[in-house]
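Residues per chain are reported as follows:
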Amino acid sequence: MALRADQSVRAVDGPVPLASLVHAFGVRPDLTVPVFTWKEDRIAVGLLRGIRRVGIAETLRVELDDGNSVVCTADSELVLRDGQPMKPAGLIAGVSLLPLYIHNDTYGYPVYKNIVLDPKAESTWKKVSWLVGEWKYGGPLPKGTVVRYLSKDRTNVHPDNLEVKLNARSPKRKMNYGISEVLGEAAELFEEAADLGERFQRIIDDNNHKVVGVTVMEPDEVFDLDVDGATVAVSGVFIRHVG
């Protein structure tokens, strides 16, 4: 797999253009960038450890219905909605790719849709900070764990800005609340959930990450990524890497 230099990789704290990463790794070869990956049938966090210039190669542009596109080499594999890989030449209009839905919630916290492959199961929205916390911890976080921000910037979910605190949440905390406080919190949560559901449903309905078309492009400079996950998120979808 190789991507054209004008593509952007989706790091956990925002999109990062490949061109800037090429420069960054040139200055700091030991640099690592936490990115979204699809690993073991779930969205996860992996490390981008380097970029290798492949050379000049023919590329294909995969256009998506949300206005984004992926420009990659013919041997690349994009991940379909059912988790199976497919090369760009095999994609036809209307085919759904595995999406990365991410947005800030009402309070400004980045959240993502935890996609599940089982059509009978429901995909749920989760905080990106929790996903990063699981990556830092090395697995699912135990009950009572709190992922705390080290700064006041709620949008900064870089691992350096998050702290995983085990056994930090008391299960009896609610018992000290009056009934009015508990009901007030519940009302706020329901209101937030309804607002998020409406906003995200609009996003999903309008931009379903379906293929619009595939176009053969002129030969261009392309780069390969070294990522420790099975795939890497680019333009809101997932693409396999050679690594």
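Residues numbered from 1 in each chain as written. Predicted model: local features only at pLDDT ≥ 70, side-chain atom pairs only at ≥ 80, totals over all residues. Heavy atoms only, no water.

1. Section: the pattern of salt bridges
Right, so step 1: According to the stated counting rule, one finds seven salt bridges in the structure shown.
Right, so step 2: Note that D228 and R49 form a salt bridge whose closest N and O atoms lie 3.3 Å from each other. Linking D228 in the loop between β16 (220-227) and β17 (231-234) with R49 in strand β5 (residues 42-57), this pair joins segments that are 179 residues apart in sequence.
Right, so step 3: Assessed through its relative accessible area of 34%, D228 is described here as partly exposed.
Right, so step 4: Residues R53 and E221 are paired through a salt bridge, measuring 2.4 Å at the closest nitrogen-oxygen approach. Within this pair, whereas R53 is found in strand β5, its partner E221 is found in strand β16, the two being separated by 168 residues in sequence.
Right, so step 5: Take R53: its relative accessible area is 47%, and that puts it in the partly exposed class. (Salt bridge = Lys/Arg side-chain N within 4 Å of Asp/Glu carboxyl O. Helix = DSSP H or I, 4+ residues; strand = E, 2+ residues; numbered from the N terminus. Buried < 20%, exposed > 50% of the residue type's maximum accessible area, 1.4 Å probe, protein only.)

2. Observations regarding the nonpolar core
Right, so step 1: By size, the foremost hydrophobic cluster in this structure holds 27 residues, and its most contacted members are L3, L225, V232 and I239.
Right, so step 2: Elements supplying a minimum of two residues to this core: β2 (8-11), α1 (18-27), β4 (33-39), β6 (59-64), β7 (69-73), β16, β17 and β18 (237-240).
Right, so step 3: Examining the composition of this core, we find that three residues originate from one element, α1, more than from any other.
Right, so step 4: Among the nonpolar cores identified, the runner-up in size contains 20 residues, and F36, I43, L100 and Y101 belong to it. (Core = buried A, V, L, I, M, F, W, Y, C linked by side-chain atoms within 4.5 Å.)

3. A word on α1
The α-helix winds at 3.6 residues per turn, so residues separated by three or four positions along the chain end up facing the same way.
Right, so step 1: Inspection of α1 places L18, L21 and F25 among the buried residues, and these make up the whole buried set. Take α1 and look down its axis: the buried residues cluster within an arc of 50°, on one side only. The outward face of α1, more than 90 degrees from its buried face, is lined by the exposed residues H23, G26 and V27.
Right, so step 2: Packing partners of the buried residues in α1 comprise β1 (3-4), β2, β3 (14-17), β4, β5 and β16. (Arc of directions from axis to C-beta. Contact = heavy atoms within 4.5 Å.)

4. What to know about the sheet that holds strand β11 (residues 110-114)
Right, so step 1: Here we have three strands laid out as an open sheet, ordered β10-β11-β12, and antiparallel in their pairing. Pairing within the sheet leaves two strands with one partner each, and these edge strands are β10 (102-104) and β12 (124-127). Taking the axes of each pair of neighbouring strands and ignoring which way they run, one obtains an average angle of 35° across the sheet.
Right, so step 2: Note: β11 against β12, four bridges, orientation antiparallel. Of the residues in β12, the one forming a bridge with N114 is T124.
Right, so step 3: The sheet contacts of helix α2 (residues 128-137) involve β10, β11 and β12, and relative to β12 the element is tilted by about 70°. (Pairing = 2+ DSSP bridges. Axes fitted to C-alpha atoms, helices over the stretch in contact; angles between N-to-C directions.)

5. Details of the packing of aromatic side chains
When we look at a pair of aromatic rings, we describe it by the centre distance and by the angle of the planes.
Right, so step 1: Enumeration over the complete set of coordinates arrives at two aromatic pairs.
Right, so step 2: Here Y109 and Y149 contribute two aromatic rings whose centre-to-centre distance is 5.7 Å and whose plane-to-plane angle is 50°, an arrangement assigned as tilted. Linking Y109 in the loop between β10 and β11 with Y149 in strand β13 (residues 146-149), this pair joins segments that are 40 residues apart in sequence.
Right, so step 3: With a relative accessible area of 18%, Y109 lands in the buried category.
Right, so step 4: When the ring centre of Y109 is taken as origin, the NZ or CZ atom of K127, which lies over that ring, is 4.1 Å away. (Phe/Tyr/Trp six-rings, centres within 6.5 Å; stacked < 30°, edge-to-face > 60°. Lys NZ or Arg CZ within 6 Å of the ring centre and 35° of its normal.)

6. Focus: α2
Right, so step 1: Of the residues making up α2, those classed as buried are V128, S129, L131, V132, G133 and E134.
Right, so step 2: G138 lies just past α2 and shows a positive phi near 100°.

7. Some thoughts on the environment of V16
Right, so step 1: Considering the arrangement of structural elements, one finds V16 in strand β3.
Right, so step 2: A relative accessible area of 18% places V16 in the buried class.
Right, so step 3: In this structure, the C-alpha to C-alpha distance between V16 and V234, residues 218 residues apart in sequence, is 9.6 Å.
Right, so step 4: When near neighbours in sequence (up to four residues on either side) are disregarded, V16 contacts Q7, S8, V9, A11 and L21.

8. Describing the pairing of β3
Right, so step 1: Strand direction decides the pairing type here: β2 and β3, joined by four bridges, are antiparallel. Looking at the pairing, A11 lines up with G14 of β3.
Right, so step 2: Counting the residues in the hairpin turn of β2 and β3 gives two residues.

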